[in-house]
Amino acid sequence: MKELQSYVTAPDGVRLAVFEWGERSAATTVVLVHGYPDTHAVWRPIAEQLAERHHVVAYDVRGAGHSDAPRRVRSYTLATLEADLGAVLAEVSPDKPVHLVGHDWGSIQSWESVTGTALADRIASFTSVSGPCLDHVGQWFRSRLRRPSPRALGQLAWQGVHSWYIGYFHLPLLPPLLWRTAMVKAWPALLHAIEGVPHGSGAPTFPTDAVRGLALYRANMIPRLTRPRKRPTEIPVQVVLPQKDLYVTPAMAGQAPQPFVGRLWRRPLRAGHWAPLTHETVLAGWIDEFVDHIEGAPAAPALDRAQVRRGNDDGAESSPHAGRLVVVTGAGSGIGRATALAFADAGASVVAADLNAASAARTAQLASLLGSPRTGWHAVDVSDPAAMEEFAKAVHAEHGVPDVVVNNAGIGLGGAFLDTTTSDWDAVLGVNLMGVVHGCRLFGAMMKERGEGGHLVNIASAAAYLPSRTLSAYATSKAAVLMLTECLRAELADQGIGVSAVCPGFVNTAIAKATRYVGVSASEQEQLRGKADRLYRLRNLPPERVAEAVLRAVRENRPVVLVAAEARIGRALSRLSPGTLRFVARRDLTPR
């Protein structure tokens, strides 16, 4: 994509280098504003992707790259930077509002225009990445000091730890000296080592950009944080929240604008501060999606869930599952239905999947009655790879990428190993193990590509670590699920995807009546099912207990959650006295 360069003169005579991609005749113009100590080049990978559909503009802010660099600190105030943006907009898009995107200081200075009046009618939307409005931050600090709860004070302290460099940048001699000497070579290496920023991403003008850009901090930080103004806006704002940002905490960036922004979307991203250079495809997609919606297209499912609804501003804190999309397999009854309804009651959108279409539809209906914002249902055989592929594609098309997937579908099988045929093994492993494999593989790949993290929950069983002479196939399938969970948890941790195994004991569900016993006659089979069902009913552990454990596993990112006393005792014995379990396993505990 060809990059065109020109110059625009700001009201005070400073020349700004402007770069364009795509055609000015495009229906929409996207303006990208870079941060410190970057130049417009930080946006190049994203600009080239957006230019396939939009007219894209970036410019070197004053003091950076090919733009002029005034020497006086007061030439870098937010008001002056707002005037620079106005001059650029008048040149590149004189007749229509633009969609503004800012990163770091580019976002901070863009907030001045978004919350002001001079350019309000020139901005159609704003996407902010790692750069909050300084006035909003000042108000956020004050609100927490007025009501100093432990949580509020903890957030302030944590942000203070992250913001240490602001005080350092106000020192008179050391910061410029360090930028010109040791940091010239160290800075690119640090970005690569800490965040994976590609080598060669920095501009040739980096040393002088870093020194001149110190004026941004010195001209604006103290006045705005100590004397914050109330700066509301009705311009639609999408706030991208890098979860591993070393400088701007997600709590501050996500909560500070809430009282002041009438139309707000919050989107967490598993990335560090320099997300435009490490997650360019994800960001380009989100910007494109947001621009399309503001221009009149229906909101994509993920974007719709990201919108902060008025009257429920605290949803992200008070109900961690609110607004999430949750997929549950085996949701037609028992643990699956209880889990789907528990998530619905917590404000999540729920997609129920089950082999029985009517049961799946009923669960979705009940979830809707409990207040689930959006529901759906699908009939699917989790053991069928092709069917699961179609199911995953349908969920993505209809609802977007799930935030939580609960692989719950399972079947029971009892009897002696030597009576268990190959087809019996295929059946139990196909549902209990491969159903989990398919769910983790398909939806885990979606979560990884999206870049926002997520959670996979696999329903195992206490049988995973309790040997039994009559449950060889079933226990093997559940033990494999438990180990699969541990392996995936290690593999996907860096992607922000949690993986948990939930191991219930004897849960009062319909599985006892549905369990098939091998090596027995039809009449004996019915007797065994009836006796097992009575045992489970006598234990009377409701599936809702397991559902609570699933929500806790997601909320706390727990690796393994044991449900019921027998599950916890069995786990302890498996570690402390495995010989005891082997002794018990030799007994035939099949109900007689």
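On a predicted model such as this, the values are computed, not experimentally measured, just so you know.

Describing the overall build of the protein
Regarding its fold elements, the protein presents 26 helices and 18 strands. Here the C-alpha coordinates of the protein stretch approximately 95 × 50 × 45 Å along the principal axes. Considering only intrachain contacts with a sequence separation of at least 6, the fraction spanning at least 24 residues in the protein is 76%. A total accessible area of about 25200 Å² is found for the protein, and carbon and sulfur atoms account for 56% of it. Averaging the locations of the 62 positively and 54 negatively charged side chains of the protein gives two centres separated by 8 Å.

Focus: the sheet that holds strand E1 (residues 4–9)
Taking strand neighbours across the sheet as the criterion, the nine strands line up as E1-E2-E4-E3-E5-E6-E7-E8-E9 in an open arrangement whose pairing is mixed. Two strands lie at the open edges of the sheet, namely E1 and strand E9 (307–308), each paired on one side alone. Summarising the sheet, strand E3 (residues 29–33) and strand E5 (residues 98–103) pair through four bridges and their orientation is parallel. Within E5, the residue paired with Val30 across the bridge is His99. Together, E3, strand E4 (55–59), E5, strand E6 (123–129) and strand E7 (237–242) form the strand contacts of helix H3 (residues 105–114), whose direction differs from that of E6 by roughly 150 degrees.

Examining the environment of Leu341
Relative to the helices and strands, Leu341 resides in helix H16 (residues 334–345). Separated by 30 residues in sequence, Leu341 and Gly371 place their C-alpha atoms 9.6 Å apart. With residues near it in sequence (within four places) discarded, Leu341 still touches Thr363, Leu366, Ala367 and Leu370.

Describing the environment of Ala480
Mapped onto the elements of the fold, Ala480 is located in helix H21 (residues 472–492). Taking the C-alpha atoms as reference, Ala480 lies 49 Å from Trp105; in sequence the two are 375 residues apart.

Digging into the side chain of Arg122
Mapped onto the secondary structure, Arg122 falls in the loop between H3 and E6. The side chain of Arg122 is buried and forms no salt bridge, while Asp121, the nearest opposite charge, is found at 5.5 Å. Excluding its chain neighbours within four sequence positions, the residues that come into contact with Arg122 are Leu89, Ala90, Ser93, Pro94, Lys96, Pro97 and Val98.

With respect to the packing of H16 against helix H17 (residues 357–369)
For any two helices packed against each other, one specifies the inter-axial angle together with the distance between the axes. With their axes 9 Å apart at the nearest point, H16 and H17 run at an angle of 25 degrees to one another. Judged by the angle between their axes, H16 and H17 are roughly parallel. Considering the relative orientation of H16 and H17, their crossing is right-handed. Contacts from Arg337, Ala340, Leu341 and Ala344 in H16 reach Ser359, Arg362, Thr363, Leu366 and Ala367 in H17. In terms of residue class, the contact of H16 with H17 is made up of five nonpolar, two polar and two charged.

Digging into a nonpolar patch on the surface
Judged by side-chain polarity, Leu171, Leu174 and Leu177 come together as a nonpolar surface patch covering roughly 270 Å² of accessible area. Considering the arrangement of structural elements, one finds Leu174 in helix H7 (residues 174–180). Given the relative accessible area of 45%, Leu174 is considered partly exposed.

Regarding the domain arrangement of the protein
Much of the literature gives interface size as the accessible area that the parts lose upon coming together. In terms of domains, the protein is made up of domain 1 (4–308) and domain 2 (318–585). Computed over C-alpha atoms, the centres of domain 1 and domain 2 are 44 Å apart. In this complex, domain 1 contributes eleven residues to the contact, which on the side of domain 2 involves 18 residues. The largest share of the area that domain 1 buries against domain 2 comes from Arg270, Pro301 and Arg305, three residues that together contribute 62% of it. One can count three salt bridges joining domain 1 with domain 2.

What about the nonpolar core?
Residues Val31, Leu32, Tyr36, Trp105 and Trp179 are the most contacted members of the largest nonpolar core, which totals 91 residues. It is helix H2 (residues 78–92) that provides the largest number of residues to this core, a total of seven residues. If we ignore the near neighbours within four places in the chain, the residues touching Trp179 are Tyr36, Pro37, Phe169, Val184, Trp187, Phe206, Ala210, Val211 and Leu214. With 37 residues, the next largest nonpolar core counts Val327, Leu456, Ala464 and Val560 among its residues.

Topic: the sheet that holds strand E10 (residues 325–329)
What the seven strands build is an open sheet, ordered E12-E11-E10-E13-E15-E16-E18; its pairing is parallel. Looking at strand neighbours, the two that pair on one side only are strand E12 (375–379) and strand E18 (560–563), the edges of this open sheet. Between one strand axis and the next, the sheet turns through 15 degrees on average, direction left out of account. Relative to strand E15 (residues 454–459), strand E13 (residues 404–407) runs parallel, the two sharing four bridges. Across the sheet, the residue bridging to Asn407 is Asn458, located in E15. Contacts from H17 reach strand E11 (349–354) and E12 within the one sheet, and its direction differs from that of E12 by about 170 degrees.

Quick word on the pattern of salt bridges
Under the criterion given, the structure shown has 21 salt bridges. Taking the shortest distance from any N to any O, the salt bridge between Asp403 and Arg450 comes out at 3.1 Å. Placement of the pair is Asp403 in the loop between helix H18 (385–399) and E13 and Arg450 in helix H20 (residues 434–450), with a sequence separation of 47 residues. Each member of the pair, Asp403 together with Arg450, is buried. It is possible to trace a salt-bridge network through shared partners that takes in Arg267, Glu289, Arg305, Asp403, Arg450 and Glu452.

Considerations on the packing of aromatic side chains
As enumerated under the stated definition, the model contains 22 aromatic pairs in all. Taking the centre distance of 6.5 Å and the plane angle of 10 degrees together, the rings of Trp187 and Phe206 count as stacked. Of the two residues, Trp187 is situated in helix H8 (residues 183–195) and Phe206 in helix H9 (residues 206–212); the sequence distance between them amounts to 19 residues. Phe206 shares its class with Trp187; the two are buried. Here a set of aromatic residues connected by ring pairs shows up, and it is made of Tyr36, Trp105, Trp164, Tyr165, Tyr168, Phe169, Trp179, Trp187, Phe206, Tyr217, Tyr247 and Trp274. Over the face of the ring belonging to Tyr7 we find Arg15, whose NZ or CZ atom lies 4.0 Å from the ring centre. Over the aromatic face of Tyr465 sits the side chain of Arg571, whose NZ or CZ is 5.2 Å from the ring centroid.

Reading the values: rules and limits
Residues numbered from 1 in each chain as written. Predicted model: local features only at pLDDT ≥ 70, side-chain atom pairs only at ≥ 80, totals over all residues. Heavy atoms only, no water. Helix = DSSP H or I, 4+ residues; strand = E, 2+ residues; numbered from the N terminus. Contact = heavy atoms within 4.5 Å. Areas by Shrake-Rupley, 256 points an atom, 1.4 Å probe, with all protein chains shown as cover. Lys, Arg positive; Asp, Glu negative; His and termini not counted. Charge placed at Lys NZ, Arg CZ, Asp CG, Glu CD. Pairing = 2+ DSSP bridges. Axes fitted to C-alpha atoms, helices over the stretch in contact; angles between N-to-C directions. Buried < 20%, exposed > 50% of the residue type's maximum accessible area, 1.4 Å probe, protein only. Salt bridge = Lys/Arg side-chain N within 4 Å of Asp/Glu carboxyl O. Parallel < 35°, antiparallel > 145°, perpendicular 65-115°, else oblique. Left-handed = near helix turned anticlockwise from the far one by under 90°. Nonpolar A, V, L, I, M, F, W, Y, C, P; charged D, E, K, R; others polar. Patch = residues over 30% accessible without salt bridge, like charges linked within 9 Å, V, L, I, M, F, W, Y side chains within 5 Å. Domains from an automatic or database assignment. Buried area = accessible area lost by both parts, 1.4 Å probe. Core = buried A, V, L, I, M, F, W, Y, C linked by side-chain atoms within 4.5 Å. Phe/Tyr/Trp six-rings, centres within 6.5 Å; stacked < 30°, edge-to-face > 60°. Lys NZ or Arg CZ within 6 Å of the ring centre and 35° of its normal.

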